[in-house]
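Close look at the chain arrangement
For reference, the chains in residue letters:
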Amino acid sequence: MPATTTDTVISRDGTEIAFERLGAGPAVILVSSALADRKDTAKLATLLAAHFTVINYDRRGRGASGDNYDRRGRRASGDAAEHVVEREVQDLAALMDHVGGSASLFGSSSGAVLALRAAAAGLSVDRLALYEPPFAVSGDGFAPPEDFGRHIDALLARGRRGEAVKYFMTQAQGMPAFVVTMMRLMPGVWSGLTKLAHTLPYDIAVMGGTQQGRPLEAAEWAGATAPALVLTGGKSPAGFHDAARALAEALPGATHRTLPGLDHGAVMMAPKKLEPTLTEFLGPWRA
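Residues numbered from 1 in each chain as written. Predicted model: local features only at pLDDT ≥ 70, side-chain atom pairs only at ≥ 80, totals over all residues. Heavy atoms only, no water.

**Section: the overall build of the protein**
Broken down by element type, the protein carries 11 helices and eight strands. Over its C-alpha atoms the protein spans a radius of gyration of 18 Å, differing by no more than 12% from the 19 Å that the globule rule assigns to 287 residues. By residue count, 52% of the 287 residues in the protein fall in the buried class. For the protein, contacts bridging at least 24 residues in sequence account for 72% of all contacts bridging at least 6. (Helix = DSSP H or I, 4+ residues; strand = E, 2+ residues; numbered from the N terminus. Rg over C-alpha atoms; globule rule 2.2 N^0.38 Å. Buried < 20%, exposed > 50% of the residue type's maximum accessible area, 1.4 Å probe, protein only. Contact = heavy atoms within 4.5 Å.)

**Regarding helix 11 (residues 271-282)**
Here helix 11 is 12 residues long and its end C-alpha atoms lie 15 Å apart, about the 16 Å a rise of 1.5 Å per residue gives. Taken together, the buried positions of helix 11 are occupied by Pro271, Leu274, Glu275, Thr277, Leu278, Thr279, Phe281 and Leu282. (Expected span 1.5 Å × (residues − 1).)

**Brief notes about the packing of aromatic side chains**
How two aromatic rings sit relative to each other is set out by the distance from centre to centre and by the angle between their planes. Within the structure shown, the criterion is met by four aromatic pairs. Ring centres of phenylalanine 142 and phenylalanine 240 lie 5.0 Å apart, and the angle between their planes is 85°; this geometry places the pair in the edge-to-face category. Placement of phenylalanine 142 in the loop between strand 6 (125-131) and helix 4 (148-157) and of phenylalanine 240 in helix 9 (residues 238-250) is noted, with a sequence separation of 98 residues between them. (Phe/Tyr/Trp six-rings, centres within 6.5 Å; stacked < 30°, edge-to-face > 60°.)

**Observations regarding the sheet that holds strand 4 (residues 53-57)**
If you walk across this open sheet you meet the eight strands as 1-2-4-3-5-6-7-8, and the pairing is mixed. Since the sheet does not close on itself, it has two edges, and those belong to strand 1 (4-10) and strand 8 (254-259), each with one partner. Strand-to-strand twist of the sheet, defined as the mean angle between neighbouring strand axes without regard to direction, takes the value 25°. (Pairing = 2+ DSSP bridges. Axes fitted to C-alpha atoms, helices over the stretch in contact; angles between N-to-C directions.)

**Describing the side chain of aspartate 37**
Along the chain, the position of aspartate 37 falls in the loop between strand 3 (27-31) and helix 1 (42-48). A polar atom in the side chain of aspartate 37 sits 2.7 Å from the side chain of lysine 39. Apart from residues no more than four positions distant in its own chain, aspartate 37 is found in contact with Ser32, Asp58, Arg62, Gly63 and Leu196. (Polar contact = N/O pair within 3.5 Å; in protein donor to acceptor, adjacent residues only side chain to side chain.)

This is a description of form; function is not addressed.
What follows is the structure, encoded as structure tokens:
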């Protein structure tokens, strides 16, 4: 097992961001998805630490990191929606400063979109690996409902955290309702998800207008010039593959690759199958 140290950095707005640092080598920061914290990427972090300095962090509002939402999901004073993405990007900038000013980023699902936005904002990103960013680029039913974000906000404002999680899973992730019902019978799993429910508005803000069934705007991502690899799992729905192909076309120097046998939960459920591809792409031997 690689040696692990736990530490914090202070983001520009004063929020404390907690992380684990593992291994040695080129720096790679792991960016988690919605309803996830660094525990979900812990196994992948350990695998990658054989070749890299891995920063596995809690996004703001999760785990040991600071929180600019109250526990009902209401935004704290001064944390208006238009600043949410900017602040998450600043969190990544603080982590990059900690490892010397630049790093590669790996993100999954909405975390992939956050990593992409950080690169587009001009952060010094060496390489960009993105697993199944959930863009909806056509009107084929892959997109969540138009009032999705407002409905999540309303549920959280009323303290209905479990219902917010269920609505997100069924409407944004396409999970069958009976599967969510089964998860509710698993106390450790369900309590962990509902504990993070107040962070759902962050991920909705990160996605912005990219889930409305329209083609991606290449200009929105023009600042993301680092070499990029967009990954999808062979068992994932067609919408993820459509999104990945569209993004690979929009980004200069990007490629799309499908990994057989994987699905949207690969980061947590199949990290050993994901790690070799990431190591090959992110390593300095590809420079």
